[in-house]
Amino acid sequence: MIGLQDEFEKLPVPNVANEYSYSAVAIKGYENHRIGKDYKDNPCLLISTESTSEKFKISRQKLYNLSITHNLNCEVEINGKRENHTFSVVRYLGHDEMLKSYFLKVCEMLINSLGNTPSKKQITNTTNKFIELFKALIEPPRKTVQGIWAELFLIHQSKCPEKLVSAWHSIPEEKYDFSSKKVRIEVKSSSMRNRTHHFSHEQLVPPTQCDLYIASVYVEMLSGGKSLEDLLNDILVRLQDNQDLKEKLNLITYSTLGESVDKISNIYYDYELAKDSLRFYNSKDIPKIGSIPNNIFEIKYKCQLDYLNHSNIMLEELI
C-alpha cells in the first residue's frame, strides 16, 4: 500500500470551509475508504459505511486529539469533483506535525484489519484502537527505548519472526517478554559491555515444567546503526501477508513507546555488536535465593552473568 503520508501531502485544502467537507483520495487496495484533508489542513480517515447492513446511530466523540463521528454524510472533493458519501470519520484535531504523521501511520496499520467492506463491529474495533494508541501518546513510556530495541532485535534475529511475534507479550507488564508453550524468554540489555542485569525473584522462577532463558545482549548507541523503525519495518516486510501479526507488532511497539514515540526513528544502536554479543542463559544456572517465606515478596536481584556458562541453544530451538 502506498504511503498515506505522501497521498495526504498531495491533497489540496478543500474549497468549502466546514467540518463536513474534505478533499480526499481513495486508499490504494481499499478503494471504498479515503484518506482526506479538512479545511484546517488536518488528516482524516474516511471509513465507508455504505455497504454495512448494521447502521450506526449518528454519534460523535472528541478525545486525545481525535474526533470520531459515525454515520456522517460528507461532501468529498476528488480531482475537482464533489461527491456525497456516508462515512465514519476519524479526524486528527491538533497542530503537531509529528502527531499528524503518526496519525497517518496508524491509518496504515489499521486499514488492513478493516478490509474494503467492513462490518459495524470492525469499524468500532478500529476506532477503539485509534483511541487506545493516541491515549498511549500522552502517557509515559512503559519501557526504555533501549529495552524495546533489544526485544525487536531478538525478533529480527529469528529465522521465523512469526513465532516470536506470536509469543511476544501483549502488554509490557507481563512477567516475561516471550512465552510459548513450555518456554519463556526474558530479554536483558546492557550498554556497558558487561552482563550485569536486574531481575525480580519471581522472574527467575518460571512455572513448573517450563524452561526460562535469559537473552543477554549489548546495546550501544551508534549513528550508523539501526533504529527502532528500521527493525520494525524489516520485520513487517518479513511477516508478508500476516495482517494480525503485523497489527500486533505495530500496536505493541507504538503503545510501549508512549510519549517517546518520536525516538522511534532518531536513536540508532549498533546492530552488529548486538548480534555478536547475544547469549542465552538457562535460569537454572543463575544463582538465586532458595526457600523464601510467603510473607516476603518483591525481592530484587542484580546478577552478573559474565562468568556463567551460556547455553549453546539456538533461538529457533526455543520458540
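Preceding this paragraph is the structure being described.
Keep in mind the model is a prediction, meaning the values are calculated, not measured.

Conventions adopted
Residues numbered from 1 in each chain as written. Predicted model: local features only at pLDDT ≥ 70, side-chain atom pairs only at ≥ 80, totals over all residues. Heavy atoms only, no water. Helix = DSSP H or I, 4+ residues; strand = E, 2+ residues; numbered from the N terminus. Buried < 20%, exposed > 50% of the residue type's maximum accessible area, 1.4 Å probe, protein only. Contact = heavy atoms within 4.5 Å. Areas by Shrake-Rupley, 256 points an atom, 1.4 Å probe, with all protein chains shown as cover. Core = buried A, V, L, I, M, F, W, Y, C linked by side-chain atoms within 4.5 Å. Axes fitted to C-alpha atoms, helices over the stretch in contact; angles between N-to-C directions. Parallel < 35°, antiparallel > 145°, perpendicular 65-115°, else oblique. Left-handed = near helix turned anticlockwise from the far one by under 90°. Nonpolar A, V, L, I, M, F, W, Y, C, P; charged D, E, K, R; others polar. Pairing = 2+ DSSP bridges. Polar contact = N/O pair within 3.5 Å; in protein donor to acceptor, adjacent residues only side chain to side chain. Phe/Tyr/Trp six-rings, centres within 6.5 Å; stacked < 30°, edge-to-face > 60°. Lys NZ or Arg CZ within 6 Å of the ring centre and 35° of its normal.

A. Geometry of the overall build of the protein. For the protein, the count of helices and strands is nine helices and 14 strands. Principal-axis analysis of the C-alpha atoms gives the protein an extent of 70 × 45 × 30 Å. The buried share of the protein, taken over its 319 residues, is 50%. Across the protein, contacts joining residues at least 24 apart in sequence account for 71% of those joining residues at least 6 apart. Split by element, the accessible area of the protein, about 15,700 Å² in all, is 47% carbon and sulfur.

B. The arrangement of the nonpolar core in detail. Counting 70 residues, the largest nonpolar core has Phe130, Leu154, Phe178 and Leu249 as its most contacted members. Looking at this core element by element, the count peaks at 10 residues for helix α2 (residues 97-114). Sequence-distant contacts of Phe178, that is, excluding residues within four places in its chain, are made with Glu151, Leu154, Ile155, Leu164, Ala167, Trp168, Val183, Arg184, Ile185, Val187 and Ile319. Tyr176, Leu204, Tyr301 and Cys303 belong to the second-largest nonpolar core, a separate cluster that totals 11 residues.

C. Quick peek at the packing of α2 against helix α3 (residues 120-136). For the pair α2 and α3, the least separation of the axes is 10 Å and the interaxial angle reads 150°. By the angle between their axes, α2 is roughly antiparallel relative to α3. With respect to the hand of their crossing, α2 and α3 are arranged in right-handed fashion. Taking contact as the criterion, the partners of Leu99, Tyr102, Phe103, Val106, Cys107, Met109, Leu110, Ser113 and Leu114 in α2 are, on α3, Gln122, Ile123, Thr126, Lys129, Phe130, Leu133 and Phe134. For the contact of α2 with α3, the residue count by class is 12 nonpolar, three polar and one charged.

D. Representation of the sheet that holds strand β8 (residues 183-190). The mixed open sheet is built from four strands, whose spatial order is β7-β8-β10-β13. The open sheet has two free edges, formed respectively by β7 (178-180) and β13 (279-282), since each of these has just one partner strand. Shown here is a sheet whose adjacent strand axes are inclined to one another by a mean of 25°, direction ignored. Note that β7 and β8 share three bridges and pair antiparallel. Across the sheet, Ser180 pairs through a bridge with Val183, a residue of β8. The strands touched by helix α4 (residues 145-157) within the sheet are β7, β8, β10 (211-218) and β13, with β8 carrying the most contacts at an inclination of about 130°.

E. Quick look at the environment of Glu174. Residue placement: Glu174 occurs in the loop between α5 (161-167) and β7. A polar contact of 3.0 Å, which involves the side chain of Glu174, links it to the backbone nitrogen of Ser170.

F. A look at the environment of Gly225. Relative to the elements of secondary structure, Gly225 occurs in strand β11 (residues 221-227). Exposure remark for Gly225: the relative accessible area of 18% places this residue in the buried category. Apart from the residues lying within four places of it in its own chain, the contact partners of Gly225 are Asp230, Tyr268 and Tyr269.

G. Main features of the packing of aromatic side chains. Considering all chains together, one arrives at nine aromatic pairs under this definition. Here the aromatic rings of Tyr92 and Phe134 are separated by 6.4 Å at their centres, their planes lie at 40°, and the arrangement is tilted. Highlighted residues: Tyr92 in strand β6 (residues 81-92) and Phe134 in helix α3, separated in sequence by 42 residues. Overall, Tyr92 belongs to the buried group, its relative accessible area being 1%. The interplanar angle of 50° and the centroid separation of 5.3 Å between the aromatic rings of Trp149 and Tyr269 together place this pair among those described as tilted. Of this pair, Trp149 sits in helix α4 while Tyr269 sits in strand β12 (residues 268-269), and the two are 120 residues apart along the sequence. Accessibility assignment for this pair places Trp149 and Tyr269 in one class, buried. Grouping aromatic residues by their ring pairs yields a cluster made of Tyr92, Tyr102, Phe103, Phe130, Phe134 and Tyr254. Taking the ring centre of Phe199 as reference, the NZ or CZ of Lys188 above it sits at 5.0 Å. A cation sits over an aromatic face here: Lys226 above Tyr271, 5.6 Å from the ring centre.

H. Local environment of the pairing of strand β3 (residues 43-48). For β3, the tally of buried residues reaches six of six residues, placing the bulk of the element in the interior. The alternating pattern of β3 places Pro43, Leu45 and Ile47 on one face and Cys44, Leu46 and Ser48 on the opposite face, and all of these are buried. The turn joining strand β2 (residues 30-37) and β3, which pair antiparallel and follow one another in sequence, is formed by five residues; a positive phi near 70° is taken by Asp41. In this structure, β3 lies alongside β6, joined through five bridges in antiparallel fashion.

I. Spotlight on unusual backbone geometry. The phi torsion at Lys181 lies on the positive side, around 50°, for a residue other than glycine. By relative accessible area, which is 78% here, Lys181 ends up exposed. Not every positive phi belongs to a glycine, and Glu298 is a case in point at roughly 55°. Counting through the fold element by element, Glu298 comes out in the loop between β13 and β14 (300-304). Looking at Glu298, the relative accessible area reads 60%, which means it is exposed.

Note that every value here comes from positions in space, so none of it alone points to a role or purpose.
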